[in-house]
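# Descriptive structure summary
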Amino acid sequence: MMRRGAAGLLAGLLLGFLAAVATPMATSRTGCALAAASSHVAVVAEHSDGAVVTRCVTFSGTSIGAAQAMQLASQAGLEYATVSYGSLGQAVCQIDHEPQSFPPGCWTTTSPYWAMFVWHPGAGWSLAAGGLSSVTLAAGDALGWHYIPQSGSGGGPPPSPVGVCPSASPPPTPTAGSSSAGAAEPHPSTSGPSPLSSPSLGVATPSPPTARPEASAARRAAGTEPSGWMVWLGATVIAGGLSGLAAARLIGLRKHW
Amino acid sequence: MNTRTLGLWSLAALGAVLLTNDPVYRAVILLICLNVALEVAPAGLRGLTPALALTGLGAMLMNILLAHSGDTVYARLPAALPGIGGPLTVESAAYGADVVLGLWAAILSVAPLSATDPSLLVDALPRSLERAGSAVAAALQFVPAVVHNFGAVADAQRMRGWRPRGPRSWAEVLVPVMVDALEDSIHLAEMLEARGYGSGPRTRYPAAAAQRRIGPQAWLGLAGLAVFFALRLAGGMPQWYPLPHLTAPPLSAPGLAACLLLSLPAIRWRWLNSTT
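Residues numbered from 1 in each chain as written. Chains lettered and ligands numbered in written order. Predicted model: local features only at pLDDT ≥ 70, side-chain atom pairs only at ≥ 80, totals over all residues. Heavy atoms only, no water.

## Notes on the overall build of chain B
Counting its secondary structure elements, chain B contains 10 helices and two strands. Along the chain direction, N to C, the helices and strands of chain B fall in the order α-α-α-β-β-α-α-α-α-α-α-α. In chain B, which comprises 276 residues, the proportion classed as buried is 38%. Of the contacts formed within chain B by residues at least 6 apart in sequence, a portion of 70% connects residues at least 24 apart. Summing over all exposed atoms, chain B offers an accessible surface of approximately 14900 Å²; the carbon and sulfur share of this is 70%. (Helix = DSSP H or I, 4+ residues; strand = E, 2+ residues; numbered from the N terminus. Buried < 20%, exposed > 50% of the residue type's maximum accessible area, 1.4 Å probe, protein only. Contact = heavy atoms within 4.5 Å. Areas by Shrake-Rupley, 256 points an atom, 1.4 Å probe, with all protein chains shown as cover.)

What follows is the structure, encoded as structure tokens:
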């Protein structure tokens, strides 16, 4: 017992030491990466009720994968969830807690889904040619999402990403290959495109209060709000009563069998 | 509870199970159907238990091994394994349990009908469906008859020195079985013709008319199904999924009330039996 306690204490001390050493290294690495990062990709997600969430993803290099862009956006507070389709890659099932829950296959034959769009400067929005795991975005492009029904109207692209990211940025340093670790800067979300002050690289602009955080919180709260305790009590009583009846019937039948 | 009432109640219970994927509602309906099955067809339920266990195990394993979504990982299979490789999550197991509940509830909702005489089932059908019901009943009777014939012919051939020696040798059994099946269908046609089948509306003894009255259990069950349907349309019965993380299923008082409407045959019957 004493030996186990001592081993646990030693492990805890070691972990604490490693965390203390690792944190400044990570910070400095991030700082170095941010200093070098100079390319931007905007992420725009439009909910079914029209509310829009935007993020500006900063990275170094000339291109970034859509999956990596979403990962960076999630670090800036844009929640999303995916399901793996094996060799076909990942499918996005939930963005910013919409829908509150989803089936293992991501959607059903009738449920809405997150349609993926890609923006190219001068060309506007177009439906993505591939999925999250296969699409690559160049600097200045935008990744768009819109939660739409499987049939009927309302399936257009999200609002324009103009203004989400700083328009004037130093030309990216030509590097071979894909981007390195970058950062995502949260932008205050609006109900439509509007010019915003551009934060400098590596600094996250504090978001002014908008309706978006409350809506997001409401979406989260709605998904986790429990049914009344009276209803649960009723369900328990009903289930218990039926189980007792079934047990009584089974005991009665056993005597005959 | 006459056959017609039982049939309508089974339909209502099956419809309710298919309209919701909430595990609490499904569990309650499962318990209701179990009680009714224990009351109506206990012997049939005994034979159904291995099938229920097998389907439940299969559905559970499929969801656990093939669905790798969810936040709570409790084990990992090597990614090299095709299809099943990857993280095993609590959420996938919960979804599998939900599927099993639905399967069992659906099977048990119609299990009592399996104990009913097929002629009573045909009697319970509305006039417009009597011919279709007769055809289905005849087709369903055909299968056990063929199985019985197969066994009898195989035994008879073995006594004559026949032994299975590959696919071609089975022709000595299959041909007589087919001939017997054709003879049985000709006999059935002769019997139907002798009873004036197709010459006019189906007649029945006056006593059987009482069997066609729809009891309150069926009406209440159908009312429960209507409540389920209305709740789904109005959005008061959202679908439950355990992804991305496990949450408590949403319950509502109207949904529970609809389950209660379905449960009356399970409760009232017992009370009736104990008082008569």
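## A look at the environment of Ala 73 of chain A
For Ala 73 of chain A, the location among the structural elements is in helix α2 (residues 66-75). Sequence separation of Ala 73 of chain A and Val 43 of chain A is 30 residues, and the distance between their C-alpha atoms is 7.4 Å.

## Details of the pairing of strand β6 (residues 113-120) of chain A
Residue and element names in this part refer to chain A. Of all eight residues that make up β6, six are buried, and the element is covered over most of its length. By the bridge criterion, seven bridges tie β6 to strand β9 (residues 142-148) in an arrangement that is antiparallel. The partner of Trp 119 across the bridge, within β9, is Ala 142. With four bridges connecting them, β6 and strand β7 (residues 124-127) associate as antiparallel partners. Opposite Trp 119, over in β7, you have Trp 125 as the bridge partner. (Pairing = 2+ DSSP bridges.)

## Brief notes about helix α1 (residues 3-19) of chain B
All names here are of chain B. Between its first and last C-alpha, α1 extends 24 Å over 17 residues, near the 24 Å set by a 1.5 Å rise per residue. Counting buried residues in α1 gives 12 out of 17 residues, a clear majority hidden from the surface. Of all the positions in α1, only Thr 3, Arg 4, Thr 5, Leu 6, Trp 9, Ser 10, Ala 12, Ala 13, Gly 15, Ala 16, Val 17 and Leu 19 are classed as buried. (Expected span 1.5 Å × (residues − 1).)

## Describing the interface of chain B and chain A
If you look at the interface, chain B gives 29 residues, while chain A gives 26 residues. Of the roughly 2500 Å² buried at the junction of chain B and chain A (both faces included), carbon and sulfur atoms supply 74%. On the chain B side of the interface with chain A, the three residues burying the most area are Leu 38, Tyr 241 and Leu 243 of chain B, jointly 22% of the side's total. The interface formed by chain B and chain A holds one salt bridge in total. For Glu 39 of chain B, the salt bridge is made with Arg 249 of chain A, and the minimal N-O distance between the two is 2.5 Å. Between the two partners, chain B and chain A, sit five residue pairs in polar contact (both at pLDDT 80 or more). Per-element tally for the side of chain B that touches chain A: the top contributor is helix α2 (residues 23-40) of chain B, with eight residues. (Buried area = accessible area lost by both parts, 1.4 Å probe. Salt bridge = Lys/Arg side-chain N within 4 Å of Asp/Glu carboxyl O. Polar contact = N/O pair within 3.5 Å; in protein donor to acceptor, adjacent residues only side chain to side chain.)

## Some remarks on the state of the cysteines
Residues and elements named next belong to chain A. If you walk through the whole model with that rule in mind, you get two disulfides over all chains. Each sulfur of the disulfide joining Cys 56 and Cys 165 lies 2.1 Å from the other. Taking the sign of the S-S torsion, 120 degrees for the link of Cys 56 and Cys 165, the bridge is right-handed. Taken as a pair, Cys 56 in strand β2 (residues 52-59) and Cys 165 in the loop between β9 and β10 (183-186) lie far apart in primary sequence, 109 residues in all. The same class applies to Cys 56 and to Cys 165, which are both buried. Residue Cys 93 pairs covalently with Cys 106 via a disulfide, S to S 2.0 Å. (Disulfide = S-S within 2.5 Å.)

## A look at the nonpolar core
In terms of nonpolar packing, the biggest core is built from 41 residues, with Trp 9, Tyr 25, Ile 29, Ile 32, Leu 108, Phe 228 and Leu 262 of chain B touching the most fellow members. Among the secondary structure elements, those contributing two or more residues to this core are α4 (229-256) of chain A together with α1, α2, α3 (42-66), α4 (90-114), α9 (216-234) and α10 (253-275) of chain B. With 11 residues, the single largest contributor to this core is α2 of chain B. Apart from the residues lying within four places of it in its own chain, the contact partners of Leu 108 of chain B are Leu 30, Cys 33, Leu 34, Ala 37, Leu 45, Leu 48 and Leu 52 of chain B. If you look at the next biggest cluster of nonpolar residues, it comprises 26 residues, including Ala 66, Ala 69, Leu 78 and Val 92 of chain A. (Core = buried A, V, L, I, M, F, W, Y, C linked by side-chain atoms within 4.5 Å.)

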